[in-house]
Amino acid sequence: MLTVNFNPFPTLYTSRLQLRQLKTGDVKEIFELRFSKTIMQFIDRPMAVTQDDALVFIQKITDNLHINEGITWAIAFKGEATLIGTIGFWRIDKENHRAEIGYMLQPQQHKKNIMQEAMVIALDYGLNSMRLHSVEANVNPANEASKKLLLKNNFNQEAYFKENYYFNNQFPDTVIYSLLTP
Ligand SMILES: CC(C)(COP(=O)(O)OP(=O)(O)OC[C@H]1O[C@@H](n2cnc3c(N)ncnc32)[C@H](O)[C@@H]1OP(=O)(O)O)[C@@H](O)C(=O)NCCC(=O)NCCS
């Protein structure tokens, strides 16, 4: 069984970014992300309606971190406090050394290779520090940005599930991508 320990919190750095711990002070930016139609159109989770919803989200992330069941980094530019996005591992399947990756970025920062930069360092942590054997991504088939990002990071499409879950009175399809340790 895989053992992971997120204490002390692993802050990560890239040339432009710092990936730090999410905190309640990030509530405004988390609310804006989870209230954005551009962002949430491909994330089949309920949109935040109030800042309290964003606080509940931050609390859940924090609780999971404390019990080593998941890790989410707040993405910010180096030297700046403001969160511009998030990336992390959740649904950690310790028995099978596998986890799911999730990420979102403020629309005004899209297409600047920011998530690419964050993903490289997050995957390095997942594979080399957490010692995951594989990482999975569940993607809405219409999410071209996410699919391109995953392919660029050596993920392969492994499955296409038709109408495999129920959300908002619909049954969307899911594409499953996965990355194995080399
Ligand atoms: C997915 C997401 C994080 C990508 O972030 P990003 O910083 O814009 O991505 P990058 O700039 O690093 O781009 C990575 C690659 O995807 C491509 N790409 C980015 N947005 C794209 C789009 N809308 N359509 C097609 N390709 C796109 C880039 O061109 C780049 O490829 P390239 O280097 O060959 O040009 C961002 O679009 C987002 O937050 N989406 C909403 C949340 C979401 O969908 N999360 C994932 C759920 S599975």
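Data block above holds the structure.
Residues numbered from 1 in each chain as written. Predicted model: local features only at pLDDT ≥ 70, side-chain atom pairs only at ≥ 80, totals over all residues. Heavy atoms only, no water.

1. Regarding the layout of surface pockets
For step 1, the next point in the chain: As a volume, the second largest pocket reaches approximately 210 Å³.
For step 2, the next point in the chain: For the second largest pocket, the full set of lining residues is K37, M40, Q41, I43, D44, R45, P46, M47, F167, N168, Q170 and P172.
For step 3, the next point in the chain: Residues of the lining of the second largest pocket, tallied by class, amount to six nonpolar, three polar and three charged. (1 Å grid on protein atoms, 1.4 Å probe; cavity = no way out; pocket = protein on both sides within 12 Å on 5 of 7 lines; lining within 4 Å. Points joined across faces, edges and corners; volume = space filled by probe spheres on them. Nonpolar A, V, L, I, M, F, W, Y, C, P; charged D, E, K, R; others polar.)

2. Considerations on the sheet that holds strand β5 (residues 98–105)
For step 1, the next point in the chain: Taken in spatial order, the eight strands line up as β1-β2-β3-β4-β5-β6-β8-β7 in an open sheet, and their pairing is mixed. Lying at the two open borders of the sheet, with one neighbouring strand each, are β1 (12–13) and β7 (156–161).
For step 2, the next point in the chain: Strand direction decides the pairing type here: strand β4 (residues 85–93) and β5, joined by seven bridges, are antiparallel. Note that in β5 the partner of T86 across the bridge is M104. (Pairing = 2+ DSSP bridges. Helix = DSSP H or I, 4+ residues; strand = E, 2+ residues; numbered from the N terminus.)

3. Describing the pattern of salt bridges
For step 1, the next point in the chain: Taken as a whole and assessed by the stated rule, the structure comprises nine salt bridges.
For step 2, the next point in the chain: Between R20 and D26 there is a salt bridge; the shortest N-O distance is 2.8 Å. Take R20 and D26: they sit in the same class, and that class is buried. (Salt bridge = Lys/Arg side-chain N within 4 Å of Asp/Glu carboxyl O. Buried < 20%, exposed > 50% of the residue type's maximum accessible area, 1.4 Å probe, protein only.)

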